[in-house]
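Structure at a glance
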Amino acid sequence: METCRLIVKLIRPDSPEAVETQVFSNSPVFVGGSAASSIQLEDPLVSEHQGVFIFTRERVQYVDYSTKTSAMVDDVFAAPGESIAVHKDTLLWIGPFALRVEVESAAAAPSVR
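Bear in mind the structure is a predicted one, so any value in this text is a computation, not a measurement.

1. Concerning the environment of Ile94
Along the chain, Ile94 falls in strand β10 (residues 92–94). For Ile94, a relative accessible area of 0% corresponds to the buried category. Along the primary structure Ile94 and Val46 are separated by 48 residues, whereas in three dimensions their C-alpha atoms are 6.8 Å apart. The contacts of Ile94, once residues within four sequence positions are left out, are Val31, Leu41, Val46, Gln50, Tyr62, Ala71 and Leu99.

2. A closer look at the side chain of Gln61
With respect to the secondary-structure elements, Gln61 resides in strand β6 (residues 60–64). According to the relative accessible area criterion, Gln61 is buried, its value standing at 12%. Within the local environment of Gln61, its side chain forms a polar contact with the side chain of Ser83, the two groups lying 2.9 Å apart. Once residues lying within four places of it in the same chain are set aside, the contact partners of Gln61 are Val52, Phe53, Ile54, Ser83, Ile84 and Ala85.

3. Section: the side chain of Asp64
Following the sequence through the fold, Asp64 ends up in strand β6. A distance of 3.0 Å separates polar atoms of two side chains, one belonging to Asp64 and the other to Gln50. Of note is the side chain of Asp64, whose polar atom sits 3.4 Å from the backbone nitrogen of Ala71. Ignoring anything within four residues of it in the chain, the contact list for Asp64 reads Gln50, Gly51, Thr69, Ser70, Ala71, Ala78, Ala79, Pro80, Gly81 and Glu82.

4. Looking at the packing of aromatic side chains
Both the distance between ring centres and the angle between the ring planes are used here to describe each pair of aromatic rings. One pass over the structure, following the stated rule, counts one aromatic pair. Their ring planes at 55 degrees and their centres at 5.1 Å tell us that Phe53 and Tyr62 sit as a pair that is tilted. Accessibility classification places Phe53 together with Tyr62 in one group, the buried group.

Thresholds, definitions, all that
- Residues numbered from 1 in each chain as written.
- Predicted model: local features only at pLDDT ≥ 70, side-chain atom pairs only at ≥ 80, totals over all residues.
- Heavy atoms only, no water.
- Helix = DSSP H or I, 4+ residues; strand = E, 2+ residues; numbered from the N terminus.
- Buried < 20%, exposed > 50% of the residue type's maximum accessible area, 1.4 Å probe, protein only.
- Contact = heavy atoms within 4.5 Å.
- Polar contact = N/O pair within 3.5 Å; in protein donor to acceptor, adjacent residues only side chain to side chain.
- Phe/Tyr/Trp six-rings, centres within 6.5 Å; stacked < 30°, edge-to-face > 60°.

Structure below.
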């Protein structure tokens, strides 16, 4: 049985030289200014519930829920509610934050009984 993980590389505006890597093993991954978000982005341009990544081994989708500012995916603004395919080379801007994502597949460890 194979499992997969979503790897998010986040560049914060206050330290653009430092890339912060976050890894998630469960979909969906919520993005926003809320403390309940999996990826917390604190900035006035980011909605409390900005959007969500939904992923499987085969693909990653981003859906923007923004009521403040839409995310920009490869230089195109995301329409609220639209599901957008993202891949390793996609650059996603949410407010002043830049994100890159990829899915990593790995063989699951054998279960112990």
